[in-house]
Amino acid sequence: MNTRIKDILKLTGNGQEMTVEGWIRTKRDSKSVCFMELTDGSSLKNLQIIVDKEKYELDKEIERISTGASVRIIGHLVPSPGKNQSVELQGSSIEILGDSPSDYPLQKKRHSFEFLREIAHLRPRTNTIAAVTRVRNALSYGIHTFFQENGFIYIHTPIISASDAEGAGEMFQVTTLDLDAPPKTDGKVDYTKDFFGKKANLTVSGQLEAEIYATALKNVYTFGPTFRAENSNTSRHLAEFWMVEPELAFCSLDGNMEMAEKFLKYILQYTLDTCGEDMEFFNKFIHKGILESLQHVIDTPFTHVSYTEAVKHLEKAGKNFEYPVSWGKDLQSEHEKYLTEEIFNGPVIVTDYPKEIKAFYMKLNSDNKTVRAMDILVPRLGEIIGGSERENDYGKLLNRIDELGLDKEDYWWYLDLRKYGSVPHSGFGLGFERLVQYVTGMQNIRDVIPFPRAVKTAEF
Ligand code: ATP
Ligand code: MN
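Since we're looking at a predicted model, the values are computed, not measured.

A. Structural detail: the sheet that holds strand E3 (residues 47-52). The mixed closed barrel is built from five strands, whose spatial order is E1-E2-E3-E5-E4. When strand polarity is set aside, the average angle formed by the axes of neighbouring strands in this sheet is 55 degrees. Pairing between strand E2 (residues 33-39) and E3: six bridges, direction antiparallel. Looking at E3, one finds that Phe35 is bridged to Ile50.

B. Quick peek at the environment of Tyr141. Along the chain, Tyr141 turns up in helix H4 (residues 127-149). On the basis of relative accessibility, which here comes to 54%, the residue Tyr141 falls in the exposed class. Taking C-alpha positions, Tyr141 is 9.1 Å from Tyr270, a pair spaced 129 residues apart along the chain.

C. Here's a closer look at the site of ligand 1. Around ligand 1, a shell composed of Arg228, Glu230, Arg236, His237, Leu238, Phe241, Met243, Glu383, Gly431, Arg434 and Ile445 is seen. Residue Arg228 places a side-chain N or O atom 2.9 Å away from an oxygen atom belonging to ligand 1. One of the backbone N or O atoms of Leu238 is found 2.9 Å from a nitrogen atom in ligand 1. Here ligand 1, which alone exposes 580 Å², has 73% of that area covered by the protein. When the residues that make up the shell around ligand 1 are grouped by side-chain class, the tally is four nonpolar, two polar and five charged.

D. Here's a closer look at the packing of H4 against helix H7 (residues 276-286). The geometry of H4 relative to H7 is characterised by a closest axis approach of 10 Å and an angle of 135 degrees between their N-to-C directions. In terms of their interaxial angle, H4 and H7 are classed as oblique. Every pair of crossing elements has a handedness; the one defined by H4 and H7 is left-handed. Between H4, through Asn127, Thr128, Ala131, Val132, Arg134 and Val135, and H7, the contact on the second element is made entirely by Asp278, Met279, Phe281, Phe282 and Ile286. For the contact of H4 with H7, the class distribution of residues is seven nonpolar, two polar and two charged.

E. Region of the structure containing a nonpolar patch on the surface. On the surface, Ile153, Ile212, Tyr213 and Leu217 cluster together into a nonpolar patch covering about 320 Å² of accessible area. Within the fold, Ile212 resides in helix H5 (residues 207-217). You can call Ile212 partly exposed: its relative accessible area is 31%.

F. Expanded view of the domain arrangement of the protein. By the assigned domains, the protein splits into domain 1 (5-98) and domain 2 (123-168 + 204-447). Distance from the C-alpha centre of domain 1 to the C-alpha centre of domain 2: 46 Å. At the interface, eight residues of domain 1 touch eight residues of domain 2. Buried surface at the junction of domain 1 and domain 2, both sides included, amounts to about 660 Å², of which 41% is carbon and sulfur. For the domain 1 face of the interface with domain 2, the top three residues by lost area are Arg25, Gly41 and Leu44, together amounting to 71%.

G. Representation of the sheet that holds strand E6 (residues 153-154). Pairing in this open sheet of eight strands is mixed, and the strands run E6-E12-E13-E18-E17-E16-E15-E14 from one edge to the other. Across the chains shown, the open sheet's two edge strands, defined by having one partner strand only, are E6 and strand E14 (303-306). Here strand E17 (residues 382-389) runs beside strand E18 (residues 425-431); their pairing, made up of four bridges, is antiparallel. Looking at E18, one finds that Gly386 is bridged to Gly429. Packed on one face of the sheet, helix H9 (residues 307-317) meets E14 and strand E15 (348-354) and runs near 90 degrees to E14.

What counts and what doesn't
Residues numbered from 1 in each chain as written. Chains lettered and ligands numbered in written order. Predicted model: local features only at pLDDT ≥ 70, side-chain atom pairs only at ≥ 80, totals over all residues. Heavy atoms only, no water. Pairing = 2+ DSSP bridges. Helix = DSSP H or I, 4+ residues; strand = E, 2+ residues; numbered from the N terminus. Axes fitted to C-alpha atoms, helices over the stretch in contact; angles between N-to-C directions. Buried < 20%, exposed > 50% of the residue type's maximum accessible area, 1.4 Å probe, protein only. Near = heavy atom within 4 Å. Polar contact = N/O pair within 3.5 Å; in protein donor to acceptor, adjacent residues only side chain to side chain. Areas by Shrake-Rupley, 256 points an atom, 1.4 Å probe, with all protein chains shown as cover. Nonpolar A, V, L, I, M, F, W, Y, C, P; charged D, E, K, R; others polar. Parallel < 35°, antiparallel > 145°, perpendicular 65-115°, else oblique. Left-handed = near helix turned anticlockwise from the far one by under 90°. Contact = heavy atoms within 4.5 Å. Patch = residues over 30% accessible without salt bridge, like charges linked within 9 Å, V, L, I, M, F, W, Y side chains within 5 Å. Salt bridge = Lys/Arg side-chain N within 4 Å of Asp/Glu carboxyl O. Domains from an automatic or database assignment. Buried area = accessible area lost by both parts, 1.4 Å probe.

Take a look at the structure:
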């Protein structure tokens, strides 16, 4: 039997023989007995290996073993007299698969996350990054499970986009042209000679394409990588990140908000249920009280408030914000936090923002000033989800495109969706790494994605 340590730790030790494989975390050696901690990444807890050196001839192997070495150990599982574990493995055979010389960088228990980013190829071998990785995995699975159980179809929206319609941020260009000598016409780069016959970029969002499928298959979602050439060094921005974007047809903003609340509560609960050990770790070592704050979001019905009302609340608060609030200005993170933490003491859904501060595709309200947008704000973070009902009226959408000086030729297919069998439809977006940060309490977004890409950062 060859099992994961996570499963072994759940067994009762009755002397059964088993083979375990993993990496050595620590070794404590004495004349007659040797203790080792073995991990295989399946759980935070290690398996304790104990070798009776008088009984087994393993001195040579034990001598060779050091932190980071990979081993295969055969032994008997027995109850542990120690207080940190219920079982331990009495090793009778050790095979060293890979030595780990003394310059192995992960010798001491704690390293700074900055240092670990420089050795991103080794950092998953640390407790914290391994725990983040398991929680990230659980959140992904929870997200798919939620949508699959609720009848949503998973759509793989394109990563390369030749559409000019997205425009949600700075884009990375994709080209096979010779950058030293691009073909030119009238002094301008001639993209008809480029790979796609026109300018192409990495996608910044899958929403517009998701709308295409929602207006055929009803409820769909995308969950994939998106790219933004964010030229800023923040702890919340990556150049490559993952986004979750459901799109619901025959659905107004109310249905959208209901689904978003249900979704958020589901995935948080799912993570608490499946990652208990890792979440305890985050609660203890990374962000005290995080379990309680997540439970609070799960247990609290979300408050609904319009942008206009929210601004009134903020103005009444008489607080000296870094950015002053007034109707028409976008809410900053400090305002969002104040609303959810101080005014409403729980998650808040803010709706009906001024059209000027929201995207062109959002459905215009009858006041002609606000749109059917909604942002979900949670304590500790501020905005976690942003969504809207989409404009489904051909004329109004065209109007908005004109008003903003956009070229309607670029939106011909998007407009078609409003021409043929147009339906009310809505959706929302969730930045996946922001979610992982929120759930784990990790400060820097670069520590919640395996291979962070950001300005001047793409080593691994
Ligand atoms: P922000 O104001 O934080 O830059 P945004 O308004 O540009 O966000 P949207 O265009 O609404 O973001 O994108 C949807 C979601 O994608 C955001 O709510 C956020 O969770 C996430 N997101 C946006 N930009 C990034 C980024 N550079 N890195 C990681 N996640 C991001
Ligand atoms: Mn941004």
